[in-house]
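A look at the structure
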Amino acid sequence: MEKSPTGLGQSNLDYSSITLENFPERKVWIKTFGCQMNYHDSDRMAAHLKMLNFSQTEEVEDADLVLFNTCAVRDLANNKFYSQLGELKHLKKKKGKDLIIGVGGCVAQTEGKDLVKKYKHLNFAFGPDTIDAINDMVFRTYAGDDKFSINTWDRSSDFSIETKVNHGTPQAFVNIIKGCDKYCTYCIVPYTRGRERSRRKDEIITDVKRLVEYQGIQEVMLLGQNVNSFGKENGENLSELIMGLDEINGLEILRYTTSHPYDVSDELIAVHGSAKKLSKHLHLPVQSGSDTVLQRMNREYTKEHYLGLLEKLRKSQPEIVVSSDIICGFVNETDEEHQETIDLLDRAQFDFIYSYVYSERSKTRAAKMEDFLTKEVRKSRLHEVQAHQLKIQQKLRQEMVGKTYRVLIEGSNSMKGEVKLKGRTNCNRIIHFKPMMNDHLIERNLKWHWVDVKCTSATALSCQGELLEIYGRRLH
Ligand code: SF4
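Parameters and conventions
Residues numbered from 1 in each chain as written. Predicted model: local features only at pLDDT ≥ 70, side-chain atom pairs only at ≥ 80, totals over all residues. Heavy atoms only, no water. Pairing = 2+ DSSP bridges. Helix = DSSP H or I, 4+ residues; strand = E, 2+ residues; numbered from the N terminus. Axes fitted to C-alpha atoms, helices over the stretch in contact; angles between N-to-C directions. Buried < 20%, exposed > 50% of the residue type's maximum accessible area, 1.4 Å probe, protein only. Salt bridge = Lys/Arg side-chain N within 4 Å of Asp/Glu carboxyl O. Core = buried A, V, L, I, M, F, W, Y, C linked by side-chain atoms within 4.5 Å. Contact = heavy atoms within 4.5 Å. Disulfide = S-S within 2.5 Å. Phe/Tyr/Trp six-rings, centres within 6.5 Å; stacked < 30°, edge-to-face > 60°. Parallel < 35°, antiparallel > 145°, perpendicular 65-115°, else oblique. Left-handed = near helix turned anticlockwise from the far one by under 90°. Nonpolar A, V, L, I, M, F, W, Y, C, P; charged D, E, K, R; others polar. Expected span 1.5 Å × (residues − 1). Near = heavy atom within 4 Å. Lys, Arg positive; Asp, Glu negative; His and termini not counted. Polar contact = N/O pair within 3.5 Å; in protein donor to acceptor, adjacent residues only side chain to side chain. Domains from an automatic or database assignment. Right-handed = clockwise from strand over helix to strand, strands pointing away.

1. Quick word on the sheet that holds strand 14 (residues 353-357)
One open sheet accounts for 3 strands, arranged 12-13-14; its pairing is parallel. The two strands at the open ends of the sheet, each matched to only one other strand, are strand 12 (281-283) and strand 14. Ignoring strand direction, the axes of neighbouring strands in this sheet form an average angle of 10°. With 3 bridges connecting them, strand 12 and strand 13 (residues 321-328) associate as parallel partners.

Now the structure itself:
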């Protein structure tokens, strides 16, 4: 018996008849749900699959391999996944063995075995900790072992990888820590992604240097469920990592997400003032403005602690722009507790928020709490939070008018029949503008150029600008 080429070797199959060399050209369609970590994982899978001669397709009908990367955090993503998986039954019937279907991510971690049993057309399921063995799973399936589920944890204390970039842009996601030890009562992540494990600082710095030098990467997003916990087990920390990365020539912007307010240290706040390349945007999820709700959520900080962090951050970096997450209608949230969140919005002055109604996740502590709130109350509170935030945003965005921003052009949109370029500022705001300068149409494709744009008008949700300067270097 031979082991599979990627070494996972979990089946007793004889792989000797299949070699990596004899894999014909095939197509993979990947559907990703959920957070940036999932998008990063999907990219990583696509990069691995290139070694097995797979290229990505946008059309599911053309695919030889369909992969879902699932999210267990939000109901909407969950429902969409189940409906799309169900619909694939017909395609599988048509293509038979020429179509392989796999489900990865957080849903597969907790329900993988049941999924494989329930959906006859599903070949395999795998948890987030096994994505680097995707080739092995595909290999196993072609070898005839086509009904399995892998949701093992990598229990080693070392977390060591090389970042794979697969999307042809100058932006890269670099995973620095996986798992989460926080156990917020509403969140399933610690059960699907396991305990925190960090990469070593030096390995990450070498990795990013390589991306910048050899792959044209200009902008790096450091990723993890709680990046502020980075390095704890190794006596390292996020501040030192940022300062190390700040030295890399050719790296233009450094971002990180997601942050937990409890772990934002004074040292990290100081780094926001001193690191030259660190983005002037920070996403710092608060979830609620009520101390009693925060306690029920097990968030480990109070509203005043959170607002104190904002004050210190704004002192350290006066240009910083902060965004946040809000959960509306958490278990048994009272009118007063809800009002405290509205008040927090006024005090925090977030640039934007992601807001959701609370939705129960089985296996979490919040799911075991008795809950009296109705769906209607939750929805109306969500609308109230969103309407209130929009007024704040409207005011903040007005302050942009007349100012000039350097933006990286990420693409273009057609707006009311007119083509407009779309650029992202250092502080993560999007500005749309015509490809015209001094009344002349710019013929060149400006994607991935840095340009200066003057903001000419703004609403709560969008900004319009005028192109002032193009920098010669096409950055990718
Ligand atoms: S910090 Fe809380 S919400 Fe974030 S991943 Fe960990 S448990 Fe979930």
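What follows picks up the thread again.
2. As for the environment of I242
The topology assignment puts I242 in helix 7 (residues 238-246). For I242, a relative accessible area of 0% corresponds to the buried category.

3. Thoughts on the pattern of salt bridges
Side-chain pairs of opposite charge can arise where the charged atoms are in close proximity. Tallied over the entire structure, the rule returns 28 salt bridges. Between K434 and E418 there is a salt bridge, with its nearest N and O atoms 3.5 Å apart. In this pair, K434 sits in the loop between strand 17 (430-433) and strand 18 (436-437) while E418 sits in strand 16 (residues 418-425), placing the two residues 16 residues apart along the sequence. You can call K434 partly exposed: its relative accessible area is 38%. When its relative accessible area of 32% is taken as the criterion, E418 is described as partly exposed.

4. As for the nonpolar core
Among the nonpolar cores identified, the biggest contains 65 residues, and I176, L222, L238 and F350 are the most heavily contacted of them. Ignoring sequence-local partners within four residues, the contact set of L238 consists of I176, L222, V227, N228, F230, Y256 and L268.

5. Some thoughts on the state of the cysteines
The tally for this structure, following the rule as stated, stands at 0 disulfides. Of all cysteine sulfurs, the one in C184 lies closest to C328, which takes part in no disulfide; the gap is 16 Å. The class for C328 is buried, based on a relative accessible area of 2%.

6. Digging into the packing of aromatic side chains
By convention here, two paired aromatic rings are described through the distance between centres and the angle between planes. Under the defined criterion, the tally for this structure stands at 14 aromatic pairs. Ring centres 6.4 Å apart and planes at 70° place the aromatic pair F33 and F81 in the edge-to-face group. Remark: F81 occurs in helix 2 (residues 75-95) and F33 occurs in the loop between strand 1 (26-32) and helix 1 (36-50); sequence separation between them is 48 residues. Note on accessibility: F33 and F81 belong to one class, buried. Aromatic side chains F81 and Y82 sit 4.9 Å apart centroid to centroid with 50° between the ring planes, which places their arrangement in the tilted category. On the basis of relative accessibility, which here comes to 1%, the residue F81 falls in the buried class.

7. A short note on the packing of helix 10 (residues 303-316) against helix 11 (residues 335-348)
Contact geometry of helix 10 with helix 11 gives a least axis separation of 11 Å together with a crossing angle of 10°. When the interaxial angle is binned, helix 10 and helix 11 end up roughly parallel. The crossing of helix 10 and helix 11 is right-handed. Contacts between helix 10 and helix 11 involve K303, E304, L307, L310 and R314 from the former and E340, L344, R347 and A348 from the latter. Among the residues making up the contact of helix 10 with helix 11, the classes are represented as 4 nonpolar, no polar and 5 charged.

8. Observations regarding the environment of I470
Counting through the fold element by element, I470 comes out in strand 21 (residues 463-474). Sequence spacing of I470 and D452 is 18 residues, and the spatial spacing of their C-alpha atoms is 6.6 Å.

9. Topic: helix 12 (residues 375-398)
For helix 12, which comprises 24 residues, the first-to-last C-alpha distance of 35 Å matches the rise-based estimate of 34 Å (1.5 Å per residue) to within 8%. Buried within helix 12 are the following residues: R378, R381, L382, V385, H388, Q389, I392, Q393, L396 and R397.

10. What to know about the site of the ligand
Contacts to the ligand come from C180, K182, Y183, C184, Y186, C187, V189, P190, Q225, H260 and R299. For the shell around the ligand, a count of residues per class yields 7 nonpolar, 2 polar and 2 charged.

11. Things to note about the sheet that holds strand 2 (residues 54-56)
Think of a sheet as strands paired side by side through backbone hydrogen bonds, with each pair either parallel or antiparallel. Spatial strand order, 2-1-3-4-5-6: 6 strands in an open sheet with parallel pairing. Both edges of this open sheet fall to strand 2 and strand 6 (148-150), since each of them pairs with a single strand only. Strand-to-strand, the axes of this sheet are offset by a mean angle of 20°, without reference to chain direction. Sheet analysis places strand 3 (residues 65-70) next to strand 4 (residues 100-105), joined by 6 bridges and oriented parallel. Bridging from a neighbouring strand, L65 pairs with I100 of strand 4.

12. Focus: the side chain of E196
For E196, the location among the structural elements is in the loop between helix 5 (189-193) and strand 9 (197-198). Of the side chains with opposite charge, K232 lies nearest to the buried E196, which makes no salt bridge, at 5.1 Å. Engagement of the side chain of E196 in a polar contact is seen with the side chain of S229, the distance being 3.3 Å. Beyond its immediate chain neighbours, meaning those up to four positions away, E196 contacts I177, K178, G179, C180, D181, N226, S229 and E233.

13. Some remarks on the domain arrangement of the protein
How big an interface is tends to be reported as the loss of accessible area on association of its parts. When cut into domains, the protein gives domain 1 (20-150), domain 2 (171-396) and domain 3 (404-474). In this structure, domain 1 and domain 3 have C-alpha centres spaced 37 Å apart.

14. A look at the pairing of strand 11 (residues 253-257)
For strand 11, the buried fraction is high: 5 of the 5 residues fall into the buried class. Side chains I253, R255 and T257 of strand 11 all project onto a buried face; the interleaved residues L254 and Y256 project onto the opposite face, where all are buried too. Note: strand 10 (residues 219-223) against strand 11, 5 bridges, orientation parallel. Within the sheet, the bridge partner assigned to M221 lies in strand 11 and is R255. Taken together, strand 10, helix 7 and strand 11 form a β-α-β motif whose crossover is right-handed.

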